[in-house]
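# A closer look at the structure
In case you want the letters, here they are:
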Amino acid sequence: MGPERPRLRALGVVEEELLGRGWRGAFFGSFMVVLTELAYVFIDYQVFRGALLMPILRALHVLWALGVLGVLLARRHRLTPALIHASFAAVVLPFLPLFAAAEYSMTGSGLIWIPMTGHRLVMLAIGVLAPTGLWLGGGLIASFALEAVVLWYVLGLGSHPGVRSPWEPWGTLIYGGVALAMLAYRVRSHSIELKLREVRAEAAALERLARLFLAVRDATNTPLQTLELSIALLRRRNPETEPTTAAMERAVERLRSLAQRLGSVDPLLVWREGDESFDADAMLRHLEEDLARELERRRH
């Protein structure tokens, strides 16, 4: 065994994980929209007794969500926060006119129903799946809560004979508050986790840097010893070269001092089993290989 190979991209893991989580939330949210809206195409067809307006609107939303899914898949390896946020908002916002049309259609259907069910479900889904950021998720939750209140009073649902929800619109507002609390908790937890990851990545990078310093120090010991012996031999055999040997000796002393200063990083090292057979050349070779791979990755 030997020292751990340096990994240059340790500090980039945090940013990649952040983008990966955002992508998974947007992708899974879009996928759930496709599944639920497909189901509601048939449900609305039955509820509204064959009327095609709501099923057609649901089908169009399915096609739109499939397009968003295609964009997310195509750009999976070229992610940006703007793309993730825009994709999530693009698949959620069409619910606003859909829900308004559905509630309006129900008022003339002669059926008994519980209004704002879709608003409550979507707000909770946003609290669970929205990319971690209060601005996007909080804005979407507020939009659905506001629409629910507006629809309640504009459509006169409080006095409609088919409505069986005496606790509305306050119940929907409570759902919005719960969804916002869930989102805030996720954002806070994610922030703490990212800070912990950053600290761990920095600590790992410092340890690898310390091992690199140790490798350089150990790699210079033998050449310095050779130079010191050669200078001593040159001084003994050729006393007339004293000015030259003195200058060489001062240069070697500066190198020796630098090597000793590199040893100040020893407290940063965590020694593991097998590190006693430390191979400085192997460590430097591994570093060169990782540098070459990193440069190749950035070119592509």
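First, a word on what this report is: a plain description of the structure on this page. Everything quoted here is computed from the prediction, not taken from an experiment. (Residues numbered from 1 in each chain as written. Predicted model: local features only at pLDDT ≥ 70, side-chain atom pairs only at ≥ 80, totals over all residues. Heavy atoms only, no water.)

Glancing now at the overall build of the protein chain. Looking only at helices and strands, one finds nine helices and zero strands in the protein chain. The long-range fraction of contacts in the protein chain, counting pairs at least 24 apart against all pairs at least 6 apart in sequence, stands at 81%. As presented, the protein chain carries roughly 17,900 Å² of accessible surface, and 66% of it is formed by carbon and sulfur atoms. (Helix = DSSP H or I, 4+ residues; strand = E, 2+ residues; numbered from the N terminus. Contact = heavy atoms within 4.5 Å. Areas by Shrake-Rupley, 256 points an atom, 1.4 Å probe, with all protein chains shown as cover.)

With that settled, the discussion passes to the nonpolar core. Counting residues in hydrophobic clusters, the biggest one holds 32 residues, and the most contacted among them are F88, V92, V122, I126 and F144. Element by element, the count of residues in this core is highest for helix α3 (residues 81-92), at six residues. Setting aside chain neighbours within four positions, we find F144 in contact with V92, F95, L96, F99, H119, V122, M123 and I126. Counting twelve residues, the second-largest nonpolar core is a separate cluster that includes M54, W113, A148 and V163. (Core = buried A, V, L, I, M, F, W, Y, C linked by side-chain atoms within 4.5 Å. Buried < 20%, exposed > 50% of the residue type's maximum accessible area, 1.4 Å probe, protein only.)

Assignment of secondary structure puts L155 in the loop between α6 (134-154) and α7 (170-237). Placed 51 residues apart in sequence, L155 and Y104 show a C-alpha to C-alpha distance of 7.2 Å. Among all residues touching L155, those that are not within four sequence positions of it are E103, Y104 and T107.

We now examine the packing of aromatic side chains. What describes a pair of aromatic rings is the distance from one ring centre to the other and the angle between the planes of the rings. In total, this model carries three aromatic pairs according to the counting rule given. Ring geometry for W23 and F27: centres 4.9 Å apart, planes at 15 degrees, overall stacked. Of this pair, W23 and F27 both sit in helix α1 (residues 13-47), four residues apart, which is roughly one turn of the helix. Of the residues examined, F27 reaches a relative accessible area of 23% and is grouped as partly exposed. Ring plane angle 25 degrees and centroid distance 5.1 Å describe the contact between F95 and F99, whose orientation is recorded as stacked. Taken together, the residues span about one helical turn, with F95 and F99 both in helix α4 (residues 95-107) at a distance of four residues. F99 shares its class with F95; the two are buried. Aromatic ring contacts, followed pair by pair, group F95, F99 and F144 into a single cluster. The ring of Y175 has R120 sitting right over it, with the charged end atom 5.6 Å from the ring centre. (Phe/Tyr/Trp six-rings, centres within 6.5 Å; stacked < 30°, edge-to-face > 60°. Lys NZ or Arg CZ within 6 Å of the ring centre and 35° of its normal.)

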